[in-house]
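# Results of the structural survey
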Amino acid sequence: MDVHQTVERLRADGIDVVRVTYPDLVGIDRGRDVLVERLPAVMEHGLAFCRAVYHTSPQGDVVEVAGGLDAGLPDICVRPDLATLAALPWEPGVAQCLGEAYEPDASTPCEEAPREVLRRSVAALTDLGLTAVAGPELEYFVCEPDPAAPSGWRRYGDAPGNVYTAGRRGDPEGHLLTTLRALRDFGLGVTMGNHEFCGGQFEINLDHSEALDAADRTFRFKGAVKELERRAGRMATFMAKPFNDEGGSGFHVHLSCLDETGGNIFEGPEKAAGLSEIAHQAIAGVLAHAPALAALFNPTINSYKRFGPDTLAPWLIDWGLDNRSAMIRVPPERGAGTRFEVRLGDASANPYLGMAGLLAAVSLGVREKLTPPAPLEGYGYDASRSAVLPADLPTALDALEADQALTAVLGDRFVSSFLAYKRDEVARFQRHVTDWEFREYGYHL
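How each quantity is defined
Residues numbered from 1 in each chain as written. Predicted model: local features only at pLDDT ≥ 70, side-chain atom pairs only at ≥ 80, totals over all residues. Heavy atoms only, no water. Helix = DSSP H or I, 4+ residues; strand = E, 2+ residues; numbered from the N terminus. Buried < 20%, exposed > 50% of the residue type's maximum accessible area, 1.4 Å probe, protein only. Contact = heavy atoms within 4.5 Å. Areas by Shrake-Rupley, 256 points an atom, 1.4 Å probe, with all protein chains shown as cover. Axes fitted to C-alpha atoms, helices over the stretch in contact; angles between N-to-C directions. Parallel < 35°, antiparallel > 145°, perpendicular 65-115°, else oblique. Left-handed = near helix turned anticlockwise from the far one by under 90°. UniProt positions renumbered as here; feature names shortened; annotations may be inferred.

Looking now at the overall build of the chain. The secondary structure content of the chain amounts to 12 helices and 15 strands. In terms of principal-axis extent, the alpha carbons of the chain reach across some 65 × 65 × 50 Å. Counting all 445 residues of the chain, 56% fall into the buried class. Of the contacts formed within the chain by residues at least 6 apart in sequence, a portion of 71% connects residues at least 24 apart. Just so you have it, the chain exposes about 19,200 Å², and 52% of that area is on carbon and sulfur atoms.

Note: most peptide bonds trans; most residues except glycine with negative phi. For L73, which is not glycine, the phi dihedral falls at a positive 55 degrees. Along the chain, L73 turns up in the loop between β3 (47-50) and β4 (75-87). For L73, a relative accessible area of 39% corresponds to the partly exposed category.

What follows concerns the packing of helix α5 (residues 211-231) against helix α8 (residues 351-367). For any two helices packed against each other, one specifies the crossing angle of their axes together with the interaxial distance. The contact between α5 and α8 brings their axes to 9 Å, and the two run at 155 degrees. On the basis of the axis angle, α5 is roughly antiparallel to α8. For the pair α5 and α8, the sense of crossing is right-handed. Contacts between α5 and α8 involve A211, L212, A214, A215, D216, T218 and F219 from the former and P351, Y352, M355 and L359 from the latter.

Before going further, it helps to spend a moment on the UniProt feature "domain: GS catalytic" (unreviewed entry) in the chain. Those residues carrying the UniProt feature "domain: GS catalytic" (unreviewed entry) are residues 114-445 in this numbering. For residues 114-445, the helix share is 38%, the strand share is 17%, and the end-to-end C-alpha distance is 47 Å.

As structure tokens, this is what we get:
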């Protein structure tokens with residue numbers, strides 16, 4: 001896009017600031033506000049950011065990852081992707097776009113950049129003549145201030161039994177309607193939403209599209225929901241399991257693949273369960289690499305508190321036909337709607353990295369012509385029938401490091417950085433004394 005024409009169009013629309021945002025390793029949106037008259041210069045030279053932003057924890061600690069502190073905290077160059085420009089309905093005069101991260105030479109893509117990691121997985125499928133189409137579903141909790149609560153927050157509109165409802169019964173201030181309309185006007189392709197299973201929990205669905213676009217919209221969706229709730233004096237959290245007495249929040253991905261003619265190649269009317277041979281190979285690839293995928297789809301220490309029997313979150317490495325107790329569920333639609341739903345992820349995942357791992361596993365399954373086991377029948381969670389997923393983050397990180405086929409697709413620089421960052425997170429947690437420990441031991445021992 002011609003930047004000077006873009007500037008004139010933005011000015012005509014009453015926009016004088018462009019917010020350039022990009023994801024760090026854990027999916028936090030980092031960015032800078034640029035006055036619209038400075039946009040041509042920014043497009044020419046880029047925006048300089050310290051590379052260690054990829055290695056900075058949510059608490060602001062810079063983690064020792066190769067290429068950051070050890071290299072003297074060098075820069076990366078972030079260029080606005082003008083094709084993603086969209087006005088922010090809740091910030092008059094402001095448009096937002098995504099940023100592309102490059103090495104300091106401003107031309108070599110940064111290997112740690114989550115968008116670039118996903119592009120590598122997209123390319124692995126493209127080499128097989130396949131295009132991935134993804135439909136994301138995310139759950140999240142809305143919280144309101146409560147000085148008496150240990151965390152300072154309580155669940156918004158908290159009341160039992162408001163399962164899959166809409167309206168003021170479980171949403172007294174109309175959070176869902178306000179958010180749906182704002183995200184629609186932002187152009188994120190939202191389709192519908194409802195109060196979810198737990199008190200204060202909501203789900204908003206995004207339309208399906210090619211994988212990079214789906215990840216872009218998911219990333220922007222999470223940032224937008226959090227920003228809208230900040231404006232309302234509340235907090236939206238995509239943390240996997242924020243409360244002991246309620247379930248967790250999932251990040252489910254519905255996935256299909258198109259062939260070179262644009263047809264859904266997962267459709268197989270004459271095959272078992274109406275699924276093509278390639279669909280079975282894709283499912284087998286996800287199952288084969290599930291332990292490593294857990295590190296990307298369940299990337300926090302808290303993630304593994306969402307898992308377990310009878311949680312409707314995965315616990316075993318299995319698949320089933322329209323079975324929500326399985327890690328992979330094949331919905332009943334066939335024809336152009338043939339797809340499978342990967343239920344492994346939780347909402348704290350970086351959507352680029354989760355989808356990158358998923359597409360890499362699919363490409364390996366198809367390339368190696370893998371065959372899945374028989375689908376789960378009945379209610380799952382029987383560990384005698386299927387292998388158990390990693391039970392904690394260290395185990396998942398070890399599985400990712402050991403999965404050389406998957407990491408070869410994702411890229412060595414990214415994988416080594418991600419492992420170093422996350423193992424530092426584990427080490428910091430293991431040194432931290434929790435409230436549970438003091439309550440359990442402090443008085444009696």
